Amino acid sequence: MRVKAEQRAGGARILLVIPAAALLASCCASAPESGAAGQGEDRRPTATATTPALVRTDVDPLKRRFPQLGELSATKWVGRVLTKNSVPEVPGPTDVSLDGVAQLDPATLAAITGSGTWREGGIGCGVPQEIAAEVGDTTAWLHSEAFDTSVTRTEYTGSFYFDRQANRVYFCTVNPKERTG
């Protein structure tokens, strides 16, 4: 009788190990995409986010996160919960991306891009399909890593691209923090 109890207990352990191994293998199937700065960053939408994200036009959440951009108008942005391999990390904190485009005051844009080291090029992060038409051509934008750092304060990942001809900013961020001062 004792042998049968041990065999049953061992069988139960095997049954628990098999699903755990399958889960581990599925989580390691692919690495996160590489971000613009070469950091591992998975910016894909969740598995259940097969429908487009809600496009928002309110500026207050952006002003609280990016006060260096001054007065913003005509904005279109989306927020998404980020996952790894279509599986949210539970338990634990949830990463959120905030991507969008906004109109800037021309004087603010001139002040931002008038000093520092800027390079012209393409937007280095993916533009969500929900706002791609609003963004338009992604190849002739100004970018400065120093400006990115001045906004993010290295507390989160973020890139800011400026279109001087149309007085616009494109931003792509992960976990942007609200600024209180």
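Keep in mind that this is a model prediction, so the values were computed, not measured.

1. Things to note about the pairing of strand β5 (residues 157-163)
Successive side chains on a regular strand alternate, one facing one side of the sheet and the next facing the other.
Reasoning step 1: Of all seven residues in β5, six are buried, a share of seventy percent or more.
Reasoning step 2: Looking at chain direction, strand β4 (residues 141-143) and β5 are connected through two bridges and run antiparallel. Bridge pairing in β5 places His 143 opposite Tyr 161.
Reasoning step 3: The pairing of β5 with strand β6 (residues 168-174) spans seven bridges and is classified as antiparallel. Paired with Gly 158 across the bridge in β6 is Thr 173.

2. Remarks on the side chain of Asp 148
Reasoning step 1: Counting through the fold element by element, Asp 148 comes out in helix α5 (residues 145-152).
Reasoning step 2: Buried and unpaired, Asp 148 has no salt bridge, with Arg 119 as the nearest side chain of opposite charge at 7.0 Å.
Reasoning step 3: For Asp 148, the side chain forms a polar contact with the main-chain nitrogen of Phe 160, separated by 3.0 Å.
Reasoning step 4: Apart from the residues within four sequence positions on either side, Asp 148 is in contact with His 143, Gly 158, Ser 159 and Phe 160.

3. A word on α5
Reasoning step 1: Taken residue by residue, α5 has Phe 147, Asp 148, Val 151 and Thr 152 as its buried positions. Down the axis of α5, the sector holding all buried residues measures 125°, keeping them to one side. Exposed residues on α5 whose side chains face more than 90 degrees from its buried face are Glu 145 and Ala 146.
Reasoning step 2: Between the side-chain oxygen of the N-cap and the backbone nitrogen of Ala 146 there are 3.3 Å, and the N-cap of α5 in question is Ser 144.
Reasoning step 3: Following α5 by one or two positions, Arg 153 has its phi on the positive side, about 55°.

4. Some remarks on the sheet that holds β4
Reasoning step 1: In space, the six strands of this open sheet follow the order β1-β2-β6-β5-β4-β3, with antiparallel pairing throughout. Single-partner strands in this sheet number two, and they are β1 (72-81) and β3 (119-121). With strand direction ignored, the average angle separating the axes of adjacent strands in the sheet is 25°.
Reasoning step 2: The sheet contact formed by strand β2 (residues 96-104) and β6 spans seven bridges and is antiparallel. Across the sheet, Val 101 pairs through a bridge with Tyr 170, a residue of β6.
Reasoning step 3: The strands touched by helix α3 (residues 106-113) within the sheet are β2, β4, β5 and β6, with β5 carrying the most contacts at an inclination of about 115°.
Reasoning step 4: Taken strand by strand, α5 contacts β3, β4 and β5, and its axis lies near 125° from that of β5.

5. Points about the packing of aromatic side chains
Reasoning step 1: A full pass over the atoms with the stated rule returns six aromatic pairs.
Reasoning step 2: Plain terms: the ring middles of Phe 66 and Phe 160 are 5.2 Å apart, the flat faces sit at 80° to each other, and that makes the pair edge-to-face. With Phe 66 in the loop between α2 (60-65) and β1 and Phe 160 in strand β5, this pair connects stretches of sequence that are 94 residues apart. For the residue pair Phe 66 and Phe 160, the accessibility class agrees, reading buried in each case.
Reasoning step 3: Ring geometry for Trp 118 and Phe 162: centres 5.5 Å apart, planes at 80°, overall edge-to-face. Here Trp 118 is found in the loop between α3 and β3, whereas its partner Phe 162 is found in strand β5, with 44 residues between them in sequence.

6. Describing the nonpolar core
Reasoning step 1: Within the largest apolar cluster, 20 residues are counted, with the highest numbers of intra-cluster contacts made by Phe 66, Leu 69, Phe 147, Phe 160 and Phe 162.
Reasoning step 2: For this core, the elements supplying multiple residues, two or more each, are β1, β2, α3, α5, β5 and β6.
Reasoning step 3: Sort the elements by how many residues they give to this core and β2 lands first, with three residues.
Reasoning step 4: Those residues in contact with Phe 147 that lie beyond four places of it in its chain are Gln 68, Leu 69, Ile 112, Trp 118, Phe 160 and Phe 162.

Calculation criteria
- Residues numbered from 1 in each chain as written.
- Predicted model: local features only at pLDDT ≥ 70, side-chain atom pairs only at ≥ 80, totals over all residues.
- Heavy atoms only, no water.
- Buried < 20%, exposed > 50% of the residue type's maximum accessible area, 1.4 Å probe, protein only.
- Helix = DSSP H or I, 4+ residues; strand = E, 2+ residues; numbered from the N terminus.
- Pairing = 2+ DSSP bridges.
- Lys, Arg positive; Asp, Glu negative; His and termini not counted.
- Salt bridge = Lys/Arg side-chain N within 4 Å of Asp/Glu carboxyl O.
- Polar contact = N/O pair within 3.5 Å; in protein donor to acceptor, adjacent residues only side chain to side chain.
- Contact = heavy atoms within 4.5 Å.
- Arc of directions from axis to C-beta.
- Axes fitted to C-alpha atoms, helices over the stretch in contact; angles between N-to-C directions.
- Phe/Tyr/Trp six-rings, centres within 6.5 Å; stacked < 30°, edge-to-face > 60°.
- Core = buried A, V, L, I, M, F, W, Y, C linked by side-chain atoms within 4.5 Å.

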